[in-house]
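Breakdown of the fold
One-letter residues, chain by chain:
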Amino acid sequence: MMMDVYEEHLDEAAFLWARWEHALVAPEYNIEETAELEKRLLAHLDGLVLGGEPVAKALLKPALESGEAPRHSAALWSLLAEPGLLEPTEVTELLQAAPEDSLAALGRALELNEREEVGTALRPLLKNGSAPLQALTLEVLTFRGELTPDMSMELLNHSDEQVVAAALRGLRPLPREMISRELPRLLADGRTRVQEAAIETGLVSGSRAAWEACRKRVEGRGEVGLGTLLLLALGGEERDIERLVARATSTGADGGALFALGFSGQVLAMETCLELMGQQSLAALAGEAFSAMTGLDLTASYVVQQQEEESLPPLEEDLARDLGPKPENALPIPDREAVTDWWSQARKSFNRGGRYLRGAAFSIDGLLGELERGPMRRRHAHALELAVRSRGTCILPTRAFTEQQYAGLARARATQTQLKASLFSRTLGG
């Protein structure tokens, strides 16, 4: 065998896996461009599968012990793509022996693999695995659509918050009896991950109590997760957006509230973003949010031309940390003066109290259009809104292979007329 050819397949697969994962959260990619990148990735993965047992033994199994996450994912996916290269029962042994920091990469391969035997082999870990393994198994089975309500409910009283949060996310939407029986307890849980997972799952299930818990959490002084900030932006009134503005403009703000503001589509948020373009550390995020709401294309005369610079981290910094490019690094820096001039003319087209997406009044058609053509970075939040508005009947897998995503979009389009574009407070139940 020409093993060097297969080595090249593995190297390219690992490289393209990393690029594909980046594309899923990148502002410079849309789903069509991501699908093209994905084709190249799958071609190299298929090449590895065709190598059969010799390649599995010589390259793929040793790759599972490397320190490179994308290599882990590519190798495990290839081993599981066809029966006979790695038995599903061996997967549990692999997970139990793996360092905790490599579980996420292995989990991605398990999520994206379609063999039914894989899910069957994982289920025993829900009872006899460590807490990190239980949480991972819940997430993988949820992603694969193989987690039953009984499996999740058994773990809602677990002592580990990561496990309880994963179990909650696997219950979207909640069975009706759980909304009144279990949800209030989980919304009041003192553990951050549990409470925020309960808010998200509760809202997808149509719970007004979850909406009030979301409002209360953002209004408080403690740290708030991005999911909760996004939910308030996606369905909130102007007074809710004021809470987000307060967080986005507070000293030491990390950008989470500013990112969320871009999904509110309200004039108050637009004006706040225009103001924050004057802060160097927040300018790119503010420009992204402003563009998403107003429809202004941040190109040409509306951006600051920058020269790329390469620099090493200061010696006192941790050189072991992730130094790879972050999605927001691809965002343009807006020219605040030029954008302000544009806004002085465009402001009259936006009504205070209304909600806008790409410069048009918010609608379900516009929401689906963003999922079909918009930047990958923002689609995860749009998919969350779709899940809430559809009461969990439209769960779009924005981190799946694009063929599965396109199928989800088609299902969402088929139910478009049944969805309402109103504020969450007007559509939620008890």
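Everything below is about the structure shown above.
Quick notes on the rules
- Residues numbered from 1 in each chain as written.
- Predicted model: local features only at pLDDT ≥ 70, side-chain atom pairs only at ≥ 80, totals over all residues.
- Heavy atoms only, no water.
- Helix = DSSP H or I, 4+ residues; strand = E, 2+ residues; numbered from the N terminus.
- Buried < 20%, exposed > 50% of the residue type's maximum accessible area, 1.4 Å probe, protein only.
- Salt bridge = Lys/Arg side-chain N within 4 Å of Asp/Glu carboxyl O.
- Contact = heavy atoms within 4.5 Å.
- Phe/Tyr/Trp six-rings, centres within 6.5 Å; stacked < 30°, edge-to-face > 60°.
- Lys NZ or Arg CZ within 6 Å of the ring centre and 35° of its normal.

A closer look at the environment of Ala35
Inspection of the secondary structure assignment puts Ala35 in helix α2 (residues 31-50). Since its relative accessible area comes to 11%, Ala35 is described here as buried. Once the C-alpha coordinates of Ala35 and Glu403 are considered, the two residues, 368 residues apart in sequence, prove to be 8.1 Å apart.

Some thoughts on the pattern of salt bridges
Under the criterion given, the structure shown has 30 salt bridges. Its salt-bridge partner being Glu36, residue Lys39 comes within 3.3 Å of it at the nearest N-O pair. Here the residue Lys39 and the residue Glu36 both occupy positions in helix α2, the gap between them amounting to three residues, near one helical turn. Taking the relative accessible area as the measure of exposure, Lys39 reaches 55% and is therefore exposed. Residue Glu36 is classed as partly exposed on the basis of its relative accessible area, which comes to 45%. Taking the shortest distance from any N to any O, the salt bridge between Glu271 and Arg352 comes out at 3.5 Å.

Things to note about helix α11 (residues 161-169)
Among all positions of α11, only Val163, Val164, Ala165, Ala166, Ala167 and Leu168 are buried. Taken together, the buried residues of α11 touch α9 (131-144), α10 (149-153), α13 (183-187) and α14 (192-204).

Details of the packing of aromatic side chains
Inspection of every chain in the model, using the stated rule, returns ten aromatic pairs. Residues Trp211 and Phe424 carry aromatic rings whose centres are separated by 5.4 Å and whose planes lie at 75° to one another, so their mutual orientation is edge-to-face. Here the residue Trp211 occupies a position in helix α15 (residues 208-219), and Phe424 occupies one in helix α25 (residues 424-427), the gap between them amounting to 213 residues. Neither Trp211 nor Phe424 differs from the other in exposure class; each is buried. Ring plane angle 35° and centroid distance 5.6 Å describe the contact between Trp343 and Phe350, whose orientation is recorded as tilted. Overall, the relative accessible area of 5% leaves Phe350 in the buried class. Aromatic ring contacts, followed pair by pair, group Phe290, Trp342, Trp343, Phe350 and Tyr356 into a single cluster. Sitting over the ring of Phe362, Arg355 keeps its end group 3.9 Å from the ring centre. A cation sits over an aromatic face here: Arg378 above Phe263, 3.9 Å from the ring centre.

So far we have only geometry, and geometry alone does not tell us how the molecule works.
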